[in-house]
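What the coordinates show
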Amino acid sequence: MTQYNIPMNGFYNFTPDLAFKTIKEHWMAWDNEVKPKTYAVGISGGIDSTCVAALACKIFGKDKVVGVSLPCDCQKDMDDVNAAFEHLGIKRVTIDIGDAFASLKNGIENNCIELTDVCKTNMPARLRMTALYGVAQCLGGVTVNTCNRSESILGNDTLFGDDCGSYGPIQKLTKTEVKAIAAWLGVPENLVNKIPVDGLQPLSDEDRLGITYAKVDDYIRSTGQ
């Protein structure tokens, strides 16, 4: 198990069981104050969203968690989305944002504005969050932020997109730590070790960033970021 000799979430030497205990105590206290009926989690097929949903299930039970699949037309890793839902055993809602994205895209282009590649990636992420908030509100619940510390340090998240949420249980965890706690929670190995992708472009996160999360995580914990 990866060990660190600096504070992380108020404790030393990261281990999944200790991390879970800390997350559980804080999340339950927050839940007791806010009292949401459900937690809506956008399930992308990646390790972060699967880990967050698994944490919610273990802490509050599967009946209080709803997973929302948000493809933008065709999603290449839909098999991983299906595998995540099969493992989690939670209620599933599927909303295809493809038509909404196409409508917005056409609206912008009809005003003689060319969409940049960044916009083509960020706009669907924001549409996903809009749909997720809609589901949560209709069910009397709240959305859950699925971003981790590594993504935030790199700026590899979308403002008002996947960085949104009423509660963020893994915001202080690096990608390496998320994988470790997910494995501890029993998430299937193929999902734990899946190459990080956002499902909205052909490149993986690491190919696009030009650096591995492992190197980023070593830097974060060695410098106390």
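Here the structure is shown first, and the text comes after it.
First, a word on scope: everything that follows refers to the structure included in this document. The structure displayed is predicted, hence computed values, not measured ones. (Residues numbered from 1 in each chain as written. Predicted model: local features only at pLDDT ≥ 70, side-chain atom pairs only at ≥ 80, totals over all residues. Heavy atoms only, no water.)

1. Description of the pairing of strand E1 (residues 39–42)
The side chains of a regular strand alternate between both faces of the sheet. The two faces of E1 match: Tyr 39 and Val 41 on one face and Ala 40 and Gly 42 on the other face are all buried. Handedness of the crossover joining E1 and strand E2 (residues 65–69) through helix H2 (residues 47–60): right-handed. (Buried < 20%, exposed > 50% of the residue type's maximum accessible area, 1.4 Å probe, protein only. Helix = DSSP H or I, 4+ residues; strand = E, 2+ residues; numbered from the N terminus. Right-handed = clockwise from strand over helix to strand, strands pointing away.)

2. Considering the sheet that holds strand E4 (residues 142–143)
One open sheet holds the four strands; their spatial order is E3-E2-E1-E4, and the pairing between them is parallel. Both edges of this open sheet fall to strand E3 (91–94) and E4, since each of them pairs with a single strand only. The pairing of E1 with E2 spans four bridges and is parallel. Each residue of the ladder has a partner; that of Val 41, found in E2, is Gly 67. (Pairing = 2+ DSSP bridges.)

3. A word on the side chain of Gln 75
Relative to the elements of secondary structure, Gln 75 occurs in the loop between E2 and helix H3 (78–88). Since its relative accessible area comes to 9%, Gln 75 is described here as buried. Within polar-contact distance, the side chain of Gln 75 engages the backbone oxygen of Ser 44 at 3.1 Å. Apart from the residues lying within four places of it in its own chain, the contact partners of Gln 75 are Ser 44, Leu 70, Val 81 and Arg 128. (Polar contact = N/O pair within 3.5 Å; in protein donor to acceptor, adjacent residues only side chain to side chain. Contact = heavy atoms within 4.5 Å.)

4. Concerning unusual backbone geometry
Where the residue is not glycine, phi is negative for most of them; where a peptide bond is considered, it is trans in most cases. Positioned with a positive phi, Lys 35 is a non-glycine residue whose angle comes to about 55°. Of note, Lys 35 is situated in the loop between helix H1 (16–34) and E1. Residue classification places Lys 35 among the exposed positions, given a relative accessible area of 58%.

5. As for the pairing of E2
Among the five residues of E2, five are classified as buried, and the element is accordingly described as predominantly covered. Neither face of E2 is left uncovered, since the one carrying Val 65, Gly 67 and Ser 69 and the one carrying Val 66 and Val 68 both have all their residues buried. When E2 meets E3, the two strands line up parallel, connected through four bridges. What sits directly across from Val 68, in E3, is Val 93. You can see the chain leave E2, run along H3 and come back into E3, and the turn it takes is right-handed.

6. So, the packing of aromatic side chains
Across all of its chains, the model carries seven aromatic pairs by this definition. For the ring pair Phe 20 and Trp 184, a centre distance of 5.3 Å and an interplane angle of 45° mean the geometry is tilted. One end of the pair, Phe 20, is in helix H1; the other, Trp 184, is in helix H7 (residues 175–184), with 164 residues separating them in the sequence. A relative accessible area of 8% means that Phe 20 is categorised as buried. Lying over the aromatic face of Phe 20, Lys 58 brings its terminal NZ or CZ to 5.8 Å of the ring centre. (Phe/Tyr/Trp six-rings, centres within 6.5 Å; stacked < 30°, edge-to-face > 60°. Lys NZ or Arg CZ within 6 Å of the ring centre and 35° of its normal.)

7. Observations concerning the pattern of salt bridges
Summed over the entire model, instances satisfying the criterion amount to six salt bridges. Residue Lys 105 is joined to Glu 109 by a salt bridge in which the shortest nitrogen-to-oxygen separation is 3.2 Å. Linking Lys 105 with Glu 109, this pair stays in helix H4 (residues 98–109), spanning four residues, or about one helical turn. We classify Glu 109 as partly exposed; its relative accessible area is 32%. In the salt-bridge network here, residues are joined through shared partners; they are Asp 48, Glu 151 and Lys 175. (Salt bridge = Lys/Arg side-chain N within 4 Å of Asp/Glu carboxyl O.)

8. Considerations on H1
Over its 19 residues, H1 extends 26 Å from the first C-alpha to the last, a length consistent with the 27 Å expected when each residue adds 1.5 Å. Among all positions in H1, only Pro 16, Ala 19, Phe 20, Ile 23, Trp 27, Trp 30 and Asp 31 are buried. Each buried residue of H1 lies within a common arc of 105° when the element is viewed along its axis, so the set occupies one face. Facing away from the buried surface of H1 by more than 90 degrees, the exposed residues are Glu 25, His 26, Asn 32 and Glu 33. Here the buried face of H1 lies against E1, H2, E4 and H7. Two residues or fewer past H1, Lys 35 is found with a positive phi of approximately 55°. (Expected span 1.5 Å × (residues − 1). Arc of directions from axis to C-beta.)

9. So, the nonpolar core
Ranked by size, the top nonpolar core spans 38 residues in total, and within it Trp 27, Ile 43, Leu 55 and Ile 181 carry the most contacts. Elements with a contribution of two residues or more to this core: H1, E1, H2, H3, H7 and helix H8 (189–192). No other element matches the 10 residues that H2 contributes to this core. Not counting the four nearest positions on each side in its chain, Leu 55 is found in contact with Phe 20, Ile 23, Trp 27, Pro 169, Ile 170, Ile 181 and Leu 185. The next biggest cluster of nonpolar side chains, apart from the first, holds 17 residues, and it includes Val 66, Val 68, Met 129 and Ala 136. (Core = buried A, V, L, I, M, F, W, Y, C linked by side-chain atoms within 4.5 Å.)

Read these as geometric descriptors, not functional statements.
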